[in-house]
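An overview of the molecular structure
One-letter residues, chain by chain:
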Amino acid sequence: MKAGHLVFLAVAAGSGIAAVAAAADGDPNARAASPIYGVTIPEGYRQWDLIAPAQEGEPLNELRAVLGNTIAVNAYREGKLPFPDGTILTKLAWKHVQSPEFEPASIPGAATTVQIMVKDTKKYPATGGWGFGRFVDGKPVDAAQHETCFACHEARVKDHDFVFTRFAP
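These notes cover the structure that comes with them.

What follows concerns the pattern of salt bridges. Under the counting rule described, the total for this entry stands at four salt bridges. Notably, a salt bridge pairs Arg64 with Glu62, separated by 2.8 Å at the nearest N-O pair. We classify Arg64 as buried; its relative accessible area is 14%. The exposure class of Glu62 is buried, given its relative accessible area of 5%.

This is the structure in structure tokens:
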């Protein structure tokens, strides 16, 4: 299934520094970069393959979809851990609502966040090789929220290269 069928979050690689520099120069086409990591939302990510859907319970109450670039998808299919540099995961999240047409069904409501993870072991050695970005309405959230990213991944999924999402066959 392609990313256009679901909303996803992922991690953008590499272009954060260029995006920050372009934004400082007043470039209207510059993409906003996350504080701390300089991660941006990757172009074309909605055309990426689906890694897995997910549902987050209360208090967030969200439907989520994780998309991956070609490097990520190949790593998942080959069972390759740690993930190779260049891996980008994007998580899209929406409020979980009941379908008005079919009561047993859930559908995406309002979009909440897009989250990105970019694997670059040289650029992000202090965070297991991963850079993080969390965006609301296309804008990065503050540094305080980004400071919580790696600690959560490190505490719970260190043995899976700091990645929560498993491949959905």
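What follows concerns the nonpolar core. With 32 residues, the main nonpolar core has Tyr45, Ile51, Leu89, Ile116, Trp130, Phe132 and Val163 as its most contacted residues. Of all elements in the fold, only strand E2 (49–56), strand E3 (62–68), helix H2 (70–78), strand E4 (88–98), strand E5 (106–119), strand E6 (130–136) and helix H4 (149–157) reach the threshold of two or more residues within this core.

Structurally, Pro108 is set in strand E5. In this structure the C-alpha to C-alpha distance between Pro108 and Arg64, which are 44 residues apart in sequence, comes to 8.6 Å. Every residue in contact with Pro108, bar those within four places of it in the chain, is listed here: Leu63, Trp94, Lys95 and Val97.

A few words on the side chain of Thr127. For Thr127, the location among the structural elements is in the loop between E5 and E6. Assessed through its relative accessible area of 10%, Thr127 is described here as buried. If sequence neighbours within four positions are ignored, Thr127 has contacts with Tyr37, Phe132 and Phe150.

Turning our eyes to something else, we now look at unusual backbone geometry. Cis geometry is found at the peptide bond from Glu58 to Pro59, where omega equals 10°. Here Pro59 lies in the loop between E2 and E3. Of note, the amide linkage connecting Leu81 to Pro82 takes the cis form, showing an omega dihedral of -5°. Looking at the element boundaries, Pro82 is found in the loop between H2 and E4. In this structure, Ile36 is a non-glycine residue whose phi angle is positive, near 75°. With respect to the element layout, Ile36 can be found in the loop between helix H1 (16–24) and E2. One non-glycine residue, Asp137, lies in positive phi territory at about 55°.

The rules behind each value
- Starting afresh in each chain, residues are numbered from 1 along the sequence in its written order.
- Side-chain atom pairs in this predicted model are given and counted only at pLDDT of 80 or more, local residue features only at pLDDT of at least 70, and totals for whole chains, interfaces and linings cover all residues.
- In computing side-chain values, all of the structure's heavy atoms are included and hydrogens and water are not.
- When a carboxyl oxygen of Asp or Glu lies within 4 Å of a side-chain nitrogen of Lys or Arg, that pair is called a salt bridge.
- Residue burial is assigned from relative accessible area. The probe radius is 1.4 Å, only protein chains are included, and a residue is buried under 20% of its type maximum, exposed over 50%, and partly exposed in between.
- The term nonpolar core refers to a set of buried residues drawn from Ala, Val, Leu, Ile, Met, Phe, Trp, Tyr and Cys, joined through side-chain atoms within 4.5 Å.
- Helix and strand definitions follow DSSP, with helices as H or I runs of at least four residues and strands as E runs of at least two, each counted in order from the N terminus.
- The criterion used for residue contact is that any of the two residues' heavy atoms lie within 4.5 Å.

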